[in-house]
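Descriptive structure summary
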Amino acid sequence: MKIRPFFYGALTGAILASIATLLIAPTSGKELQKKCKAKGRSLQQSIEQMKYDGIQLKDRISKTSKMTSEALKTVGPEIKTSLDQWKEDVDPSLQKLKDDIEQLQKAVSVRTEQ
């Protein structure tokens, strides 16, 4: 297949399609250009705002991450100490519950044997 006839055909088709589009367009060329430029500016402003918002979000996430890391370094040992203290406070109660359960199991087994 030769490329030159294909290229000429594609170029002719593109030119005819653009002419047909301009002829059947609901607005004039100048109005269409104004609308396209306005939409382009609006789109560009939206992209710039999204870019700015993205940078702000990234900075806030970074600051929050640093603050959280510092807070965990401070609070972490305190939490460990609190949990250890709680375990020491609860251990006697757990042991008493285990003893009570063993006594109940013995009492039930004695009654079932009778």
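Just above sits the structure.
The paragraphs below set out a description of the structure included in this document. (Residues numbered from 1 in each chain as written. Predicted model: local features only at pLDDT ≥ 70, side-chain atom pairs only at ≥ 80, totals over all residues. Heavy atoms only, no water.)

A look at the overall build of the chain
Of the regular secondary structure elements, the chain holds 2 helices and 0 strands. Expected size for 114 residues packed as a compact globule is a radius of gyration near 13 Å; at 39 Å, the chain overshoots this value by more than 25%. Seen along its three principal axes, the alpha-carbon backbone of the chain occupies a region of about 105 × 45 × 35 Å. By residue count, 1% of the 114 residues in the chain fall in the buried class. (Helix = DSSP H or I, 4+ residues; strand = E, 2+ residues; numbered from the N terminus. Rg over C-alpha atoms; globule rule 2.2 N^0.38 Å. Buried < 20%, exposed > 50% of the residue type's maximum accessible area, 1.4 Å probe, protein only.)

Topic: the packing of aromatic side chains
The description of an aromatic ring pair uses the distance of the two centres, along with the angle that the planes make with each other. Per the stated rule, a full pass over the model turns up 1 aromatic pair. Ring centres 6.2 Å apart and planes at 50 degrees place the aromatic pair F7 and Y8 in the tilted group. Accessibility expressed as a relative area gives 46% for Y8, which makes it partly exposed. (Phe/Tyr/Trp six-rings, centres within 6.5 Å; stacked < 30°, edge-to-face > 60°.)

Regarding the pattern of salt bridges
Working definition: two side chains of opposite charge can pair if their charged atoms are close together. Counted by the stated rule, this structure contains 2 salt bridges. Notably, a salt bridge pairs K96 with D100, separated by 3.5 Å at the nearest N-O pair. Taken together, the residues span about one helical turn, with K96 and D100 both in helix α2 (residues 29-113) at a distance of 4 residues. Overall, D100 belongs to the partly exposed group, its relative accessible area being 28%. (Salt bridge = Lys/Arg side-chain N within 4 Å of Asp/Glu carboxyl O.)

A word on a nonpolar patch on the surface
Side chains of I3, F7, Y8, L11, I15, I19, L23 and I24 sit close together on the surface and give an oily, nonpolar patch of about 900 Å² of accessible area. Tracing the backbone shows Y8 in helix α1 (residues 3-24). (Patch = residues over 30% accessible without salt bridge, like charges linked within 9 Å, V, L, I, M, F, W, Y side chains within 5 Å. Areas by Shrake-Rupley, 256 points an atom, 1.4 Å probe, with all protein chains shown as cover.)

Quick notes on α2
The end-to-end C-alpha distance of α2 is 104 Å, clearly below the 126 Å that 85 residues give at a rise of 1.5 Å each. A maximum bend of about 35 degrees is found in α2 at V75, where proline P77 lies one to four positions downstream. (Expected span 1.5 Å × (residues − 1). Bend = angle between axes of the 7 residues up to and from the residue.)

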